[in-house]
Amino acid sequence: MTASAPERVTAPGGGAAGTTRSGQAVKAAVLVVLAAFFLLPMYVLVVTGFKPFDEASAAQAWLLPRNWSLEGWTTAWTELAPGLWNSVRMVVPSAVISAVLGSLNGYVLARWRFPGADTVFTLFLFGMFIPYQAVMIPLQQLLVNAQLMGGVFPLILAHTVYGIPICTLIFRNYYASIPPTLIEAARVDGAGLLRTYALVVLPVSAPAFAVTLIWQFTSAWNDFLFAVFLTGPASWPVTVQLNNVAGSMVVPYNQQMAAAVLASLPTLVIYLLLGRYFMRGLMAGALKG
């Protein structure tokens, strides 16, 4: 006859369950404090944007406005509206094109082991480490000689080319994590390289596309250097317009804060829409490739 293990005795007040609930409450409290800490800059931006000019100062940054006003928001919108539209016209094509080209490149480099594939992939990676400043003058001269200066097209071209290396890296690592049996099954059914990509690989590529689109959208939206060098005032994106929202002698804090919020809203919306795929896509290609 064997002795059984003693049963765990819990206190009438809850015991282990009570301890678990206490730990969860502490974690929730810590998360709330951290969230409040990181949201403080946004609080200052929004509150200052609703202040009239005479209340918008560094000394009163933390105070709620005594007289709520939309003057800062209307002025900021008037100043930024052309730049916001220029940014949308530039960012959407460059993000989509570079993501599609990166997907095709990544699929070929991950699943078609042709001679020199690793060398080609290494050359793609070199493009990630070339700073904007190193190619600014040659790129500008090239666009001038090709009569492409001005307008939004030079920015689309520049951000598409600069986005291809990082998109290729993300897709190549993601496609390397796809089970080879799926590819082999498609080949057994008679599917070629492109048909396998379209029918098997592309339908499971949503997380990788989310990562590349978020990355490219944010990178192109926040660009300032290309915008100043490659376009004129009529085609300046929102970053250049935001830089120009400034006073000569007195700083209009309410207009600047409202303009900063308006300029950052599109990237925030993109993260909210695609954020659930972001970490999934990053982790999917982090284990292989």
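Here the structure is a predicted model, which means the values were calculated and not measured. Numbers given for residues are sequential positions, taken from 1 along each chain in its written order. Reporting of local features is limited, given that this is a predicted model, to residues whose pLDDT is at least 70; pairs of side-chain atoms are given and counted only at 80 or more, and all residues count toward the totals for whole chains, interfaces and linings. Note: side-chain values were computed over all heavy atoms of the structure, leaving out hydrogens and water.

Asker: Quick question: what am I supposed to make of the overall build of the protein here?
Answerer: Across its full length, the protein carries 11 helices and 0 strands. Here the protein holds 289 residues, and 37% of them are scored as buried. We call two residues contacting when some pair of their heavy atoms lies within 4.5 Å. In the protein, of all internal contacts separated by at least 6 residues, the share reaching a separation of at least 24 is 75%. In these tables, accessible area is a Shrake-Rupley quantity obtained with a 1.4 Å probe, and a residue counts as shielded only by the protein chains included in the view. Total accessible area on the protein is roughly 16,800 Å²; 70% of this is exposed by carbon and sulfur atoms. Helix and strand definitions follow DSSP, with helices as H or I runs of at least four residues and strands as E runs of at least two, each counted in order from the N terminus. Burial status follows relative accessibility: with a 1.4 Å probe on protein chains alone, a residue under 20% of its type maximum counts as buried, one over 50% as exposed, and anything between as partly exposed.

Asker: I would appreciate a short explanation of the packing of helix α5 (residues 153-176) against helix α8 (residues 206-221) in the present structure.
Answerer: Two quantities define a packed helix pair, namely the angle between the axes and the distance from one axis to the other. Running from amino to carboxyl end, α5 crosses α8 at an angle of 155°, the nearest separation of the two axes being 10 Å. Taken together, the axes of α5 and α8 are roughly antiparallel relative to one another. Where α5 crosses over α8, the two elements pack in a sense that is right-handed. On the side of α5, the interface is formed by H159, G163, I166, C167, I170, F171 and Y174, while α8 contributes P207, A208, F209, V211, T212, W215, Q216, S219 and A220. Axis geometry follows a simple rule: fit a line to the C-alpha atoms, using only the stretch in contact for helices, then measure angles between N-to-C directions, giving values from 0 to 180 degrees. In these notes the angle categories are as follows: under 35 degrees is roughly parallel, over 145 is roughly antiparallel, 65 to 115 is roughly perpendicular, and the rest is oblique. A clockwise turn of the near helix away from the far one marks a right-handed crossing, whereas an anticlockwise turn of less than a right angle marks a left-handed crossing.

Asker: Looking at this structure, how should I read the packing of aromatic side chains?
Answerer: Given two aromatic rings, their pairing is described by the distance between the two centres and the angle made by the two planes. In this scheme Phe, Tyr and Trp rings, the latter by its six-membered ring, pair at centre separations within 6.5 Å, and the angle between planes marks the pair as stacked below 30 degrees, edge-to-face above 60, and tilted otherwise. In the structure shown here, the tally under the stated rule is 12 aromatic pairs. Where F171 meets Y175, the ring centres are 5.6 Å apart and the plane angle is 40°; that geometry is what we call tilted. Of this pair, F171 and Y175 both sit in helix α5, 4 residues apart, roughly one helical turn. There is no split in this pair, since F171 and Y175 are both buried. Among the aromatic side chains, those forming a connected cluster through ring pairs are Y107, F171, Y174, Y175, Y197 and F209. A cation over a ring is seen here: R172 above F121, with NZ or CZ 4.3 Å from the ring centre. Two conditions define a charge located above a ring, namely a distance within 6 Å from the ring centre to NZ of Lys or CZ of Arg, and an angle within 35 degrees of the ring normal.

Asker: Explain a nonpolar patch on the surface here, please?
Answerer: Side chains of V26, V30, L31, L34, F37, F38, L40 and W62 sit close together on the surface and give an oily, nonpolar patch of about 860 Å² of accessible area. Here V26 is to be found in helix α1 (residues 16-49). Note on V26: relative accessible area 53%, which makes it exposed. Each patch is built from residues that are more than 30% exposed by relative accessible area and take part in no salt bridge. Like charges join if they lie within 9 Å; nonpolar side chains (Val, Leu, Ile, Met, Phe, Trp, Tyr) join within 5 Å. Every case where a carboxyl oxygen of Asp or Glu lies within 4 Å of a side-chain nitrogen of Lys or Arg is listed as a salt bridge.

Asker: Whenever I open this one, the nonpolar core confuses me. Can you help?
Answerer: Across soluble globular proteins, nonpolar side chains have a tendency to be buried as a group. Core analysis: the largest hydrophobic core is formed by 31 residues, its most contacted members being L80, M90, F226 and L230. Within the residue set of this core, elements represented by two or more residues are α2 (71-111), α4 (132-145), α5, α8, α9 (225-230), α10 (238-244) and α11 (253-284). The element contributing the most residues to this core is α11, with 7 residues. Look past the residues within four positions of L80 in its chain and what remains in contact with it is V238, Q241, L242, V245, A259, L262 and A263. With 12 residues, the next largest nonpolar core counts Y107, F171, Y175 and I178 among its residues. Residues grouped as a nonpolar core are buried Ala, Val, Leu, Ile, Met, Phe, Trp, Tyr and Cys residues, joined through side-chain atoms within 4.5 Å.

Asker: I'm lost on the packing of helix α3 (residues 117-126) against α5 in this one. Help?
Answerer: Interhelical geometry of α3 versus α5 gives an angle of 130° and a closest axis separation of 8 Å. One way to sum up the angle between α3 and α5 is to call them oblique. Note on element contacts: α5 touches α3 through I164, P165, T168, L169 and R172, opposite D118, F121, F124 and L125. For the contact of α3 with α5, the residue count by class is 6 nonpolar, 1 polar and 2 charged. By the convention adopted, Pro, Cys, Tyr, Trp, Phe, Met, Ile, Leu, Val and Ala count as nonpolar, Lys, Arg, Asp and Glu as charged, and the other residues, Gly among them, as polar.

Asker: Can you walk me through the environment of R111 in this structure?
Answerer: Relative to the helices and strands, R111 resides in helix α2. R111 sits 64 residues away from Y175 along the chain, and the two C-alpha atoms are 7.8 Å apart. Once you skip the residues sitting within four places of it in the chain, R111 turns out to touch Y175, A176, I178, P179, P180, I183 and R187. Polar contacts, as used here, are pairs of N or O atoms within 3.5 Å; protein pairs need one atom able to donate a hydrogen and one able to accept it. Residues neighboring in sequence count only if both atoms are side-chain atoms. Polar side-chain contacts of R111 include one of 2.9 Å to the backbone oxygen of Y175.

Treat this as a map of the structure, not an account of what it does.
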